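Letter by letter, the chains look like this.
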Amino acid sequence: MKLDGQVALITGASRGLGQAIAQALAAEGARVACLARGGAQLDQTVAALTASGATALACPADVTRESEVEAAVRTTLERWGQLDIAVLNAGTWLPTPITKTSEAQWDQLIDLNLKGAFLALKHALPWLIERRRGTAVGIGSIGALVGQPGSSAYAASKWGLRGLLESAALETRKHGVRVALVHPHNMNTAGPPIAPGSPERLRNVDPEDVARAVAFLCTAPDHVALGHLTVWPIAAGISATMAAP
Ligand SMILES: NC(=O)c1ccc[n+]([C@@H]2O[C@H](COP(=O)([O-])OP(=O)(O)OC[C@H]3O[C@@H](n4cnc5c(N)ncnc54)[C@H](OP(=O)(O)O)[C@@H]3O)[C@@H](O)[C@H]2O)c1
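Residues numbered from 1 in each chain as written. Predicted model: local features only at pLDDT ≥ 70, side-chain atom pairs only at ≥ 80, totals over all residues. Heavy atoms only, no water.

Considering the nonpolar core
Operational definition: We call a set of buried Ala, Val, Leu, Ile, Met, Phe, Trp, Tyr and Cys residues a nonpolar core when their side-chain atoms join them within 4.5 Å. For every residue, the accessible area obtained with a 1.4 Å probe (protein chains only) is divided by the maximum for its type, and the residue is called buried under 20%, exposed over 50%, and partly exposed between those limits. Helical segments are the DSSP runs of H or I of at least four residues, strand segments are the runs of E of at least two, and each set is numbered from the N terminus. Throughout, a contact is declared for two residues whenever any of their heavy atoms are within 4.5 Å.
Among the nonpolar cores identified, the biggest contains 35 residues, and Ile 10, Ile 21, Leu 25, Val 32, Val 87 and Val 182 are the most heavily contacted of them. Mapped by element, the contributors of at least two residues to this core are β1 (7-11), α1 (16-27), β2 (31-36), α2 (40-51), β4 (85-88), β5 (134-139), β6 (177-184) and α7 (207-219). Residues contacting Val 182, with those up to four places away along its chain left out, are Val 137, Gly 138, Ile 139, Gly 140, Ser 141, Val 210, Ala 213, Val 214, Leu 217, Leu 229 and Val 231. The next biggest cluster of nonpolar side chains, apart from the first, holds 31 residues, and it includes Val 69, Ala 86, Ala 124 and Leu 125.

Quick look at the structure:
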């Protein structure tokens, strides 16, 4: 397994894409620290990972609170002594046109999608740099590549994330630490499973499809930088101009 001996911290790992990423990295041999706000869902995810043979740890923390993120990183280091991979996945989406977006909604998107990623990156990176290798992966969106009418605040948060990570890549390359972004689009995290062969199948990807891309980035040879990786349903094509409405 390509990640044997490595330790990964994944934010937003109690369900959805984060859970699938934890499974995918564990399947490659990584020990996985699962960060989400504490609760039954996080406990169940970690229990399921452990039952499947993974080495997993629950790190209850709110990514928008620096002291909690710092404590989650510390807990991971106290348990396993190292950190090799940080996946900045915790995030949410709100369909709100600009004139209807409340200040509270704006703050929620920017706090979770951007500040949360910043805090996790800030506290994880020193440990990757210390090892002079490792991978930080941000979970962007098609909204990080083109404007999204009706979801402007979300797009602003994801463009911010892209700016943060592209800057981080330039700061960390001299330390052998790579930074990448995976951009999902139309990912079926909430709905029922999609039947093979149905029209919906062509219009949606599963969290496991995106998680596979994250594992691909993390298992690339250390000297290879992989930048932006889009994982879209086949109906969306391969560029943002094709996918845009
Ligand atoms: N679904 C899509 O089609 C799509 C498309 C493009 C991009 N994305 C991106 O993919 C990522 C994952 O999306 P998803 O669909 O898997 O979302 P999801 O199912 O809603 O899961 C979100 C995860 O984030 C955690 N979380 C929420 N607020 C948190 C906080 N304050 N602190 C710590 N953890 C928190 C949640 O756990 P708790 O509630 O237990 O804390 C949960 O584990 C997001 O960044 C999203 O923007 C999704």
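Topic: the packing of helix α4 (residues 103-131) against helix α5 (residues 152-172)
Applied cut-off: Convention adopted: a line fitted to C-alpha atoms gives each axis, helices being fitted over their contacting stretch, and angles between N-to-C directions are expressed from 0 to 180 degrees. Any angle between 65 and 115 degrees counts as roughly perpendicular, while under 35 counts as roughly parallel, over 145 as roughly antiparallel, and the rest as oblique. Take the far helix as your reference; a near helix turned counterclockwise from it by less than a right angle gives a left-handed crossing, and one turned clockwise gives a right-handed crossing. Residue classes follow a fixed rule: Ala, Val, Leu, Ile, Met, Phe, Trp, Tyr, Cys and Pro count as nonpolar, while Asp, Glu, Lys and Arg count as charged, and any other residue, Gly among them, counts as polar.
Where α4 contacts α5, the two axes come as close as 8 Å, and the packing angle between them is 15 degrees. Taken as axis vectors, α4 and α5 run roughly parallel relative to one another. As α4 packs across α5, the resulting crossing turns out to be right-handed. For the pair α4 and α5, the contacting residues are Trp 106, Leu 109, Ile 110, Asn 113, Leu 114, Ala 117, Phe 118, Leu 121, Leu 125 and Ile 129 in the first and Ala 153, Tyr 154, Ala 156, Ser 157, Lys 158, Gly 160, Leu 161, Leu 164, Leu 165, Ala 168 and Thr 172 in the second. Here the contact of α4 with α5 is composed, by residue class, of 16 nonpolar, 4 polar and 1 charged.

Some remarks on the packing of aromatic side chains
The condition is simple: Side-chain rings of Phe, Tyr and Trp, where Trp is taken by its six-membered ring, are said to pair if the distance between their centres is within 6.5 Å; with planes under 30 degrees apart they count as stacked, over 60 as edge-to-face, and otherwise as tilted. Placement of a positive charge over a ring is assigned whenever Lys NZ or Arg CZ falls within 6 Å of the ring centre and within 35 degrees of the normal to the ring plane.
For the coordinates displayed, the defined rule picks out 0 aromatic pairs. Here the guanidinium or amino end of Arg 162 rests over the ring plane of Trp 159, the centre of that ring lying 5.0 Å away.

As for the sheet that holds β6
Put simply, the test is: In this scheme, strands are said to pair when DSSP sees at least two bridges between them.
Here we have 7 strands laid out as an open sheet, ordered β3-β2-β1-β4-β5-β6-β7, and parallel in their pairing. In this open sheet, the two strands that pair with only one neighbour each are β3 (56-60) and β7 (228-231). Neighbour-to-neighbour, the strand axes of this sheet turn through a mean angle of 20 degrees, independent of strand direction. Relative to β5, β4 is paired through 4 bridges, and the arrangement is parallel. Residue pairing for β5: Val 87 is matched across the bridge by Val 137. Lying on the sheet, α2 is in contact with β2 and β3; it crosses β3 at an angle near 170 degrees. Contacts from α4 reach β1, β4, β5 and β6, with the element oriented near 170 degrees to β4.

Brief notes about the pairing of β5
Formally: Viewed with both strands pointing away, a crossover whose connecting path from the first strand over the helix to the second turns clockwise is right-handed.
Across the 6 residues that make up β5, a large majority, 6, are buried. Between β4 and its parallel partner β5, the chain crosses via α4, and the hand of that crossover is right-handed. In this structure, β5 lies alongside β6, joined through 6 bridges in parallel fashion. Bridge pairing in β6 links Gly 138 to Leu 181.

As for the site of the ligand
Rule in force here: Any residue with at least one heavy atom within 4 Å of a molecule or strand is counted as near it. By the criterion applied in these results, polar contacts are pairs of N or O atoms within 3.5 Å in which, for protein atoms, one can donate a hydrogen and the other can accept it, and in which residues neighboring in sequence qualify only through two side-chain atoms. Computed with a 1.4 Å probe, the accessible areas rest on the Shrake-Rupley method; for each residue, only the protein chains presented here act as cover.
Taken together, 24 residues lie near the ligand, and Ser 14, Leu 17, Arg 37, Asn 89 and Thr 189 sit nearest. One of the side-chain N or O atoms of Asp 62 is found 2.9 Å from a nitrogen atom in the ligand. When the ligand sits alone it has 890 Å² of accessible area, and the protein chains cover 86% of it. Looking at the shell around the ligand, the elements with two or more residues in it are α1 and α5. The class makeup of the residues in the shell around the ligand is 11 nonpolar, 9 polar and 4 charged.

Structural notes on the pattern of salt bridges
The test is simple: By definition, a salt bridge exists where a carboxyl oxygen of Asp or Glu is found within 4 Å of a side-chain nitrogen of Lys or Arg.
In total, this model carries 9 salt bridges according to the counting rule given. In this structure, the salt-bridge partner of Arg 133 is Asp 222, at a minimum N-O distance of 3.0 Å. Pair noted here: Arg 133 is in the loop between α4 and β5 and Asp 222 is in the loop between α7 and β7, with a separation of 89 residues, a long-range link. Taking relative accessible area as the criterion, Arg 133 reaches 23% and is therefore assigned partly exposed.

Concerning the side chain of Asp 84
The residue Asp 84 is located in the loop between α3 (66-80) and β4 in this model. The class for Asp 84 is buried, based on a relative accessible area of 0%. Within polar-contact distance, the side chain of Asp 84 engages the side chain of Gln 82 at 2.8 Å. Among the polar contacts made by the side chain of Asp 84, one reaches the side chain of Arg 131 at a distance of 2.7 Å.

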